Amino acid sequence: LLTVLPVKAEARTLIVPDDYPTISAAIQNASAGDTVLVRKGTYQETSIQLNKSLSLIAEDVNGTILNLDPPLLKTNILRNWLWIPSSAITINADNVKLQGFTINIPRANYGYGGGLHAKGDRIELIDNRIENNSLYLSGASAIIKGNLFADTLEVIGSNQTISENSIKSLKIQGSYGRISCNKITDNSI
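Let me begin by describing the structure that accompanies this report. Quick caveat, the model's predicted, so the values are computed rather than measured. (Residues numbered from 1 in each chain as written. Predicted model: local features only at pLDDT ≥ 70, side-chain atom pairs only at ≥ 80, totals over all residues. Heavy atoms only, no water.)

Regarding the pairing of strand β2 (residues 35–38)
Here β2 shows a clear split, with Val-36 and Val-38 buried on one side and none of Thr-35 and Leu-37 buried on the other. Direction of pairing for strand β1 (residues 13–16) relative to β2: parallel, over a ladder of four bridges. Looking at the pairing, Thr-13 lines up with Thr-35 of β2. The parallel pair β1 and β2 is bridged by helix α1 (residues 23–29), and the resulting crossover is right-handed. For β2 and strand β5 (residues 55–58), the ladder comprises four bridges, and the chain directions are parallel. The partner of Val-38 across the bridge, within β5, is Ala-58. (Buried < 20%, exposed > 50% of the residue type's maximum accessible area, 1.4 Å probe, protein only. Helix = DSSP H or I, 4+ residues; strand = E, 2+ residues; numbered from the N terminus. Pairing = 2+ DSSP bridges. Right-handed = clockwise from strand over helix to strand, strands pointing away.)

Section: the environment of Ala-142
Along the polypeptide, Ala-142 turns up in the loop between β15 (135–138) and β16 (143–145). Sequence-wise, Ala-142 and Gly-177 are 35 residues apart; in three dimensions their C-alpha atoms are separated by 9.5 Å.

Details of unusual backbone geometry
With an omega dihedral of 5°, the bond running from Val-16 to Pro-17 counts as a cis peptide bond. Along the polypeptide, Pro-17 turns up in the loop between β1 and α1. Unusually for a residue other than glycine, Ser-141 sits at a positive phi of about 60°. With a relative accessible area of 31%, Ser-141 lands in the partly exposed category. Despite not being glycine, Cys-181 shows a phi value in the positive range, around 55°.

Read these as layout, nothing more, since geometry by itself doesn't imply function.
Below, the structure is given as structure tokens:
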């Protein structure tokens, strides 16, 4: 006679660089619901892919610097073939939290690619400094709070909370959004 009992898996905290030398390695070894804690330091990565529900949290926004250098992709834009950076940070999951990083992303010469692209519900971007490129988020019930975005923030979806950010420009589409106490430096919404 064999009895199968359900097992409750507990969320783990994976620490970079203590447990894994790179952020990408920690994310790859994390399970849904885990937290990846990144200690102070400067980290060089090609790009970050978040395809599962987890929290990626930096120890200190002033001391945890993430330099990203995404690979170039050959893309046809207006009948011209251009080499532009792929997304530096890609989020394709619900319930993802990105908190407390200074993130340096190279600027594409033509203004395309290279930024943060997020698709999912209940994504949280909290207390980050994202330099030099735009962010695109699609989904519902996102919380975007306390960030410094040096370029455009574009948000599509319902029930978004966008507060206490410094943003060059904001593009928003959807219903039931809560937008408050933001500093928009480009004077355009």
